[in-house]
Amino acid sequence: MSKRKNAQRSRKYSVRNRTVKATKKYKDTIFRMLFENKENLLSLYNAMNHKNYTDADALQVVTLENSIYMGMKNDLAFILDMNLYLYEHQSTYNPNMPLRDLFYISNEYQKLVVQKSLYSSVLQKIPAPKFVVFYNGTREIEDVSEFRLSSAYECQTDDPDLELRVTVLNVNEGHNQELMEHCQTLKEYAQYVAKVRKYTSLGELSLEEAVECAVEECIKEGILAEFLIQNRAEVISMSIFEYNKDEEEKKLRKAEFEAGREAGIEEGRMAGIEEGRMELLKQLIQRKLSKGKSIDEIAEELEESVTVIQNLIGECEIK
């Protein structure tokens, strides 16, 4: 009887999946898709800064569209109250965010002063930057933590000439509850992610089925209901893409650890880490090429430069 039910359920979802297959390329995440809406973004800003602004048009959005450096892209950037806010969403623990934000803010400032002379005796004013990462990965971290650019310096100093601090907020369900209560969209986003993880962890459903169940349950419970109804196919496709991307990154991290452990000494550890990472990248590239992905798409999905992807393809003689 159970086999028959499972077969019926599989047929049911295979029909649905014809309408929700992932398109070839999704640049956005669900987080970015939600907060590109200026009303939602203003709500998040108010919750973060204990403000009560109501005019979403006061937000000057300056997100770096289609700006990619070494496979990295900016999520959300806006100016308000003479401050420049860079909001990034991360589902993996990434202590390199200060360096990435350094590239982002440099690009932003170049855009802002392009019509001004930096050789003038008049001081050119710029908005003060605020860097925030919204983290919802599976690694346990505190509600609020901080990354510093100076942590990456080979020579450590107590007073670095260049510092950049990034505030990291854990936005998994059950964390930063005061913030969640003041931003309903962020709270419901955390609830949606938790439901996707719940269904994928059961092991009884395919990834597509698990995401579909999470979407249906959220709609029934009024969690992001309007957003999910209007963008159902896109959300399911993006959720599948994000999940697969996270799994690939976990494999990369595991390969790095194993290669480093086997090397035994520091030089061998570093070489082994890089060799293991490159070998797994080659496997992922082959898999994506077999699915008809372009080099640009592969570079973006694996967060590597196009040059790196091309070189690895050449080494493997992948056709």
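This section reports on the structure supplied with the text. (Residues numbered from 1 in each chain as written. Predicted model: local features only at pLDDT ≥ 70, side-chain atom pairs only at ≥ 80, totals over all residues. Heavy atoms only, no water.)

To continue, consider the pairing of strand β5 (residues 83-90). Counting buried positions along β5 gives eight out of eight residues, so the element sits mostly inside the fold. Examined bridge by bridge, strand β4 (residues 76-80) and β5 share five bridges and lie antiparallel to one another. What sits directly across from L76, in β5, is Y87. The antiparallel pairing of β4 with β5 creates a hairpin that spans two residues between the two strands, and D81 there sits at a positive phi of about 60°. (Buried < 20%, exposed > 50% of the residue type's maximum accessible area, 1.4 Å probe, protein only. Helix = DSSP H or I, 4+ residues; strand = E, 2+ residues; numbered from the N terminus. Pairing = 2+ DSSP bridges.)

Our focus in this paragraph is the nonpolar core. Ranked by internal contacts, the top residues of the largest apolar core, which has 46 residues, are F35, Y87, L186 and Y192. Beyond its immediate sequence surroundings of up to four residues, Y192 is in contact with I30, V211, A214, V215, C218, I223, L224, L228, V235 and S239. Ranked by size, the runner-up nonpolar core spans 19 residues in total, among them L64, A77, I79 and V166. (Core = buried A, V, L, I, M, F, W, Y, C linked by side-chain atoms within 4.5 Å. Contact = heavy atoms within 4.5 Å.)

Phi at H50 takes a positive value of approximately 55°, unusual for a residue other than glycine. With respect to the secondary-structure elements, H50 resides in the loop between α3 (38-49) and β1 (60-61).

Between helix α6 (residues 184-201) and helix α7 (residues 207-221), the least distance of the axes is 8 Å, while the angle of their chain directions is 140°. As summarised for this structure, α6 and α7 are arranged oblique, according to the angle between their axes. Here α6 runs over α7; the crossing is right-handed. When α6 is examined against α7, the residues Y192, K195, V196, K198, Y199 and T200 are found in contact with a partner set consisting of L207, A210, V211, C213, A214, V215, E217, C218 and E221. (Axes fitted to C-alpha atoms, helices over the stretch in contact; angles between N-to-C directions. Parallel < 35°, antiparallel > 145°, perpendicular 65-115°, else oblique. Left-handed = near helix turned anticlockwise from the far one by under 90°.)

This paragraph deals with the pattern of salt bridges. Following the criterion strictly, the structure yields 12 salt bridges and no others. A salt bridge links R165 to E146, with the nearest nitrogen and oxygen atoms 4.0 Å apart. Of this pair, R165 sits in strand β8 (residues 165-170) while E146 sits in strand β7 (residues 144-148), and the two are 19 residues apart along the sequence. Take R165: its relative accessible area is 48%, and that puts it in the partly exposed class. One salt bridge in this structure joins K288 and E301, with 3.0 Å as the shortest N-O distance. Highlighted residues: K288 in helix α10 (residues 266-290) and E301 in helix α11 (residues 295-302), separated in sequence by 13 residues. Taking the relative accessible area as the measure of exposure, E301 reaches 7% and is therefore buried. Each of K195, K198, E217 and E221 takes part in salt bridges that share partners, so that together they form one network. (Salt bridge = Lys/Arg side-chain N within 4 Å of Asp/Glu carboxyl O.)

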